[in-house]
Amino acid sequence: MSEPAPVEVHDVTVAYHTKPVLWDVDLTLPGGKLVAIVGPNGAGKSTLLKAILNLVPLSSGYVRVFGKPYNEMRQRVAYVPQRESVDWDFPASVLDVVLMGRYGRPGWFRRPRAADRARAEEAIDRVDMTAYRDRQISRLSGGQQQRTFLARALAQDADLYLMDEPFAGVDALTERAIVALLRELRKNGRTVVCVHHDLQTVPEYFDWVTLLNMRLVRSGPVDEVFTAENLHMTYGGRLAILERAATDYLKDARGAARGG
Amino acid sequence: MIDFFDPTLRNVALGSGVLGVIAGALGCFAVLRRQSLLGDALAHAALPGVCLAFLFGTHMGLDPKQPLLLLGGALVTAWIGTMLVLAMTRTTRIKEDAALGIVLSVFFGAGIVLLTLLQKGGATNQAGLDRFLFGQAASLLPRDIATMAILGGAVLLTLFFYFKDFQVLVFDSAYARSLGLPVRRLEILLTSLIVVAVVVGLQTVGVVLMAALIVAPAAAARQWTDRLGVMVLLASGFGALSGVAGATISATKRRLPTGPTIVLAVSALVLISLLFAPRRGIVWAAFRRVRTRRRVRLENLLKDLWRLGELDSRFDALRAITDLMAVRSALPATMRHARNAGLVAVEGTGIRLTKAGLVRAAAIVRNHRIWELYLSRRLDLADDHLHRDAEEMEHALDSEVMEAIDRALGRPTTDPHGRPIPRGVPA
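Every value quoted in this text rests on a predicted model; they were computed, and no experiment measured them.

Participant: I'd like a description of the pairing of strand E3 (residues 34–38) of chain A, backed by residues and values.
Facilitator: Residues and elements named next belong to chain A. Taken across its five residues, E3 has five buried, putting it largely inside the fold. Burial along E3 is two-sided: the face carrying Leu34, Ala36 and Val38 and the face carrying Val35 and Ile37 are both buried. Relative to strand E7 (residues 191–195), E3 is paired through four bridges, and the arrangement is parallel. Residue pairing across strands places Ile37 opposite Val195, the latter belonging to E7. Both E3 and strand E8 (residues 208–213) contribute to a ladder of four bridges, which runs parallel. Across the sheet, Val35 pairs through a bridge with Trp208, a residue of E8.

Okay, structure coming up:
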């Protein structure tokens with residue numbers, strides 16, 4: 001029997017206070033792919049990641065990770081939050097931060113053991129940060145901070161990686177290093193889902209793309225879904241989404257087959 | 001003279017030291033979570049609890065000054081106050097600062113009313129409750145200290161066991177949740193520990209100034225270290241030091257209120273840390289700035305002398321200081337600095353590069369021109385932008401970086417403006 005899909009999102013709606021951010025999103029992401037979540041500002045991309053991670057309450061719908069609720073599968077999932085979401089002046093070294101990737105494991109008092117330390121150092125090496133291992137995190141460049149976050153996720157040794165804008169504000173060298181890392185993960189059968197902002201690089205970096213603008217616009221292989229028409233539908237403002245909804249509604253009313 | 005064998009004084013020092021350790025350690029987490037004001041609010045919110053516990057004790061025929069009773073009351077209202085703040089920010093649109101302000105003033109107001117009623121009501125035994133306002137370490141009895149030590153020990157033990165969880169919680173709580181840590185419960189636990197730390201200090205420091213003992217040692221410790229574990233230890237030490245110092249002074253000198261004295265002691269530590277801590281300290285930063293400026297001026301002087309040399313190919317010729325002033329201001333202090341460093345020789349109204357000065361000047365000019373070339377080739381910057389950028393970078397680039405750039409450019413001989421890149425010192 002083949003393994004259930006890494007991510008299934010079923011009719012999920014999320015609202016902050018009364019303002020909806022995600023509307024009735026329904027999608028399945030396949031295993032072993034590099035997936036980009038793309039859409040304009042305020043489209044709910046980060047919220048979708050957080051919904052998968054059970055970090056925001058769902059107004060309706062449910063999420064399955066490898067066929068089970070997130071809490072049963074979280075050992076297999078690693079999260080890379082947006083770099084700006086934390087205070088980098090926090091008193092910690094690169095190694096301290098990467099070791100956090102090992103805290104989710106059960107253990108007496110959760111003191112890191114030698115094995116955890118070895119995993120953390122290996123992860124630091126994979127993102128080429130060994131020279132900065134003991135450096136305070138505020139004295140890193142943006143790219144180095146992003147690598148630190150990636151190393152922390154790698155230390156979790158997960159099967160599904162959810163990354164919120166890993167390419168934001170990093171130098172060209174780091175961007176290439178991250179791409180190489182993503183490909184290596186894919187080669188090992190891991191699934192990586194990235195919120196991504198740079199439309200130009202989507203076809204080069206990713207296999208699968210999810211176009212989002214509060215509602216799901218399209219989700220599928222890049223060469224099928226990443227078309228000018230679909231992008232226009234995603235970025236053409238909410239008006240375009242409403243138009244499509246209206247068309248679909250009329251089609252339904254006429255009893256015509258719904259366009260995919 | 002201070003006599004540490006005096007049992008009262010020993011109590012005072014011991015109690016304040018214990019308190020300082022607890023407040024310092026927990027304060028680190030309060031400060032890093034940007035919840036410094038929470039300590040203040042919940043200290044004030046403890047006052048009605050003390051009064052109510054006293055009333056309760058009197059009515060039940062207990063010893064109303066039993067420390068466990070009073071601290072228990074303080075714990076209850078401080079904890080209620082804290083949970084109110086959390087609930088308000090979570091369920092309404094009231095922001096945290098406003099919620100803290102509301103809780104602080106409402107609870108403190110209630111506490112003052114109760115305190116006044118108790119005193120007016122002539123409760124026979126009420127004397128001494130007002131020490132909870134500004135603190136009176138001299139009133140500490142051995143049983144008070146035992147209570148503080150037990151509570152404090154429990155707090156520190158919990159902190160030790162949950163240290164890693166609190167670390168990731170404070171740094172990145174969304175990530176902590178993604179790991180499956182019980183973030184909501186950890187938050188409540190951490191806040192409760194801070195509540196206990198505050199309540200333990202009430203009798204010694206008083207509700208009005210207790211927040212300072214939470215915030216100040218942590219702020220001072222942060223200046224000296226970049227590691228959380230070290231910061232917690234340092235803050236505990238600072239807390240203990242200022243606690244003992246402040247309480248001892250207040251107990252020996254005309255019975256000063258202890259809270260303000262401790263606060264003054266810890267403020268001195270904060271001041272020293274802000275000024276003198278390496279790297280983050282104001283004095284060192286200013287010192288580094290001055291040193292950099294001196295170096296930049298020195299290098300500019302050498303570079304100007306080199307450029308004058310390029311005009312007539314006599315690099316070590318004597319130049320009139322007035323000529324240099326036309327190029328750029330040759331400051332007397334800079335010339336003195338350069339002469340003392342053996343880089344220039346001053347002869348009457350003239351100045352010339354020495355052997356060492358020539359070497360250094362050539363290196364600076366080389367850096368400047370290689371950097372210009374690098375910018376123009378690799379970044380396609382317009383020629384008129386090159387000079388200003390190179391002017392800033394030539395002082396900052398280290399030799400390793402320069403060597404790498406030089407190699408990458410294939411050891412060029414001229415800069416983008418066609419001027420020669422010096423390779424060594426002219427004979």
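Participant: Kindly report on the packing of aromatic side chains, identifying the contributing residues and their values.
Facilitator: As enumerated under the stated definition, the model contains 13 aromatic pairs over all chains in all. Seen from their ring centres, Phe160 of chain B and Phe161 of chain B are 5.9 Å apart, and the 55° between their planes marks the pair as tilted. Overall, the relative accessible area of 31% leaves Phe161 of chain B in the partly exposed class. Among the aromatic residues, ring-to-ring pairing joins Trp88, Phe90 and Phe149 of chain A together with Phe171 of chain B into one connected group. Against the face of Tyr175 of chain B rests Arg152 of chain A, its NZ or CZ located 3.4 Å from the ring centre.

Participant: Any chance you could break down the interface of chain B and chain A for me, citing the residues and the numbers?
Facilitator: The partner chain A presents 31 residues to the 27 residues of chain B that form the contact. Buried area between chain B and chain A, both sides added, is near 2,900 Å², and the carbon and sulfur share of it is 56%. Of all residues in chain B, Lys164, Phe171 and Tyr175 of chain B give up the largest surface area on contact with chain A, accounting jointly for 26% of the area buried on that side. The interface formed by chain B and chain A holds five salt bridges in total. Salt-bridge contacts for Arg152 of chain A lead to Asp172 of chain B; the nearest nitrogen and oxygen are separated by 2.8 Å. In this assembly, chain B and chain A are joined by 13 residue pairs in polar contact (both at pLDDT 80 or more). Residue assignment for the side of chain B that touches chain A shows that the elements contributing at least two residues are helix H6 (142–161), helix H7 (163–171), helix H8 (173–178) and helix H12 (228–252) of chain B. The element contributing the most residues to the side of chain B that touches chain A is H7 of chain B, with seven residues. Classifying every residue of the side of chain B that touches chain A gives 13 nonpolar, three polar and eleven charged.

Participant: Provide a residue-level description of the layout of surface pockets, including the pertinent values.
Facilitator: With a probe scaled to a water molecule rolled over the atoms, the places where space remains empty come into view. By volume, the largest pocket amounts to about 1,200 Å³. Lining the largest pocket are 31 residues, and of these Arg90, Ser173, Arg177, Arg184 and Glu187 of chain B lie nearest its centre. Sorting the residues of the lining of the largest pocket by element identifies strand E1 (7–16) of chain A together with helix H3 (67–91), H7, H8 and helix H9 (183–200) of chain B as the ones contributing at least two each. In terms of residues, the lining of the largest pocket owes the most to one element, H9 of chain B, which gives four residues.

Participant: Please set out the packing of helix H4 (residues 114–126) of chain A against helix H5 (residues 142–155) of chain A residue by residue, giving values where relevant.
Facilitator: The description of two packed helices rests on the angle between their axes and on the distance between the axes. Residues and elements named next belong to chain A. Relative to each other, H4 and H5 sit at 135°, their axes nearing to 8 Å. By the angle between their axes, H4 is oblique relative to H5. Pair H4 / H5 crosses with right-handed handedness. Across the interface between the two elements, Ala120, Ala123, Ile124 and Arg126 from H4 touch Ala151, Leu154 and Ala155 from H5. Its residues assigned to classes, the contact of H4 with H5 comprises six nonpolar, no polar and one charged.

Participant: Go over the sheet that holds strand E3 (residues 350–353) of chain B with me, naming the residues and quoting the values.
Facilitator: Residue and element names in this part refer to chain B. Strands sit in the order E1-E3-E2 across an open sheet of three strands; the sheet is antiparallel. Bordering the open sheet on either side are strand E1 (319–320) and strand E2 (344–347), each of which pairs with just one other strand. Where E2 lies against E3, four bridges are found, and the strand directions are antiparallel. Across the sheet, Val346 pairs through a bridge with Ile351, a residue of E3.

Participant: Now, about a nonpolar patch on the surface: what can you tell me, with residues and values included?
Facilitator: Residue and element names in this part refer to chain B. Among the surface-exposed residues, Trp224, Ile272, Phe276, Val283, Trp284 and Phe287 lie close enough to one another that they form a single nonpolar patch of about 560 Å² accessible area. Going through the elements one at a time, helix H13 (258–276) and helix H14 (282–312) are the ones with two or more residues in the nonpolar patch. At three residues, the largest contribution of residues to the nonpolar patch is made by H14. With respect to the element layout, Ile272 can be found in helix H13. Relative accessible area serves as the criterion here: at 44%, Ile272 is assigned to the partly exposed category.

Participant: Quick one: what's the story with the sheet that holds E3 of chain A, residue by residue and with numbers?
Facilitator: Residue and element names in this part refer to chain A. The six strands are arranged E5-E6-E7-E3-E8-E9 in an open sheet whose pairing can be described as mixed. Two strands close off the open sheet at either side, each with one partner strand: strand E5 (77–80) and strand E9 (215–221). Taken over all neighbouring pairs, the strand axes of this sheet differ in orientation by 15° on average, direction set aside. Helix H1 (residues 45–52) rests against E3, E5, strand E6 (160–164), E7 and E8 of the sheet, and its axis sits at about 150° to E6.

Participant: Summarise the environment of Leu69 of chain B; cite the residues concerned and give the values.
Facilitator: Residues and elements named next belong to chain B. You can see Leu69 is positioned in helix H3. Overall, Leu69 belongs to the buried group, its relative accessible area being 18%. Linking Leu69 and Thr414, residues 345 residues apart in sequence, is a C-alpha distance of 84 Å. In contact with Leu69, other than residues within four places in its own chain, are Ala53, Phe56, Gly57, Asp63 and Pro64.

Participant: Tell me about helix H6 (residues 172–187) of chain A, and name the residues and values.
Facilitator: Residues and elements named next belong to chain A. For H6, with 16 residues, the first-to-last C-alpha span of 23 Å sits near the 22 Å given by 1.5 Å per residue. Those residues of H6 not exposed but buried are Thr174, Glu175, Ile178, Val179, Leu181, Leu182 and Leu185. Angularly, the buried residues of H6 cover 160° about the axis, an arc narrow enough to put them on a single face. For H6, the exposed residues lying more than 90 degrees away from the buried face are Ala172, Leu173, Arg176 and Lys187. As for H6, its buried residues are in contact with E3, H4, H5, E6, E7 and helix H7 (202–205). Phi for Gly189, located one or two positions after H6, is positive at around 80°.

Participant: Could you give an account of the pattern of salt bridges, naming the residues involved and the relevant values?
Facilitator: Under the criterion given, the structure shown has 34 salt bridges over all chains. In this structure, Asp96 of chain A engages Arg227 of chain B in a salt bridge whose closest nitrogen and oxygen atoms are separated by 2.9 Å. Of this pair, Asp96 of chain A sits in helix H3 (residues 94–99) while Arg227 of chain B is found in the loop between helix H11 (210–224) and H12, placing the two residues in two different chains. One salt bridge in this structure joins Arg411 of chain B and Glu403 of chain B, with 2.8 Å as the shortest N-O distance. For Glu403 of chain B, a relative accessible area of 34% translates into the label partly exposed. A network of salt bridges, in which partner residues are shared, links Asp89 of chain A together with Arg222, Asp226, Arg279 and Arg280 of chain B.

The rules behind these values
Residues numbered from 1 in each chain as written. Chains lettered and ligands numbered in written order. Predicted model: local features only at pLDDT ≥ 70, side-chain atom pairs only at ≥ 80, totals over all residues. Heavy atoms only, no water. Buried < 20%, exposed > 50% of the residue type's maximum accessible area, 1.4 Å probe, protein only. Helix = DSSP H or I, 4+ residues; strand = E, 2+ residues; numbered from the N terminus. Pairing = 2+ DSSP bridges. Phe/Tyr/Trp six-rings, centres within 6.5 Å; stacked < 30°, edge-to-face > 60°. Lys NZ or Arg CZ within 6 Å of the ring centre and 35° of its normal. Contact = heavy atoms within 4.5 Å. Buried area = accessible area lost by both parts, 1.4 Å probe. Salt bridge = Lys/Arg side-chain N within 4 Å of Asp/Glu carboxyl O. Polar contact = N/O pair within 3.5 Å; in protein donor to acceptor, adjacent residues only side chain to side chain. Nonpolar A, V, L, I, M, F, W, Y, C, P; charged D, E, K, R; others polar. 1 Å grid on protein atoms, 1.4 Å probe; cavity = no way out; pocket = protein on both sides within 12 Å on 5 of 7 lines; lining within 4 Å. Points joined across faces, edges and corners; volume = space filled by probe spheres on them. Axes fitted to C-alpha atoms, helices over the stretch in contact; angles between N-to-C directions. Parallel < 35°, antiparallel > 145°, perpendicular 65-115°, else oblique. Left-handed = near helix turned anticlockwise from the far one by under 90°. Patch = residues over 30% accessible without salt bridge, like charges linked within 9 Å, V, L, I, M, F, W, Y side chains within 5 Å. Areas by Shrake-Rupley, 256 points an atom, 1.4 Å probe, with all protein chains shown as cover. Expected span 1.5 Å × (residues − 1). Arc of directions from axis to C-beta.

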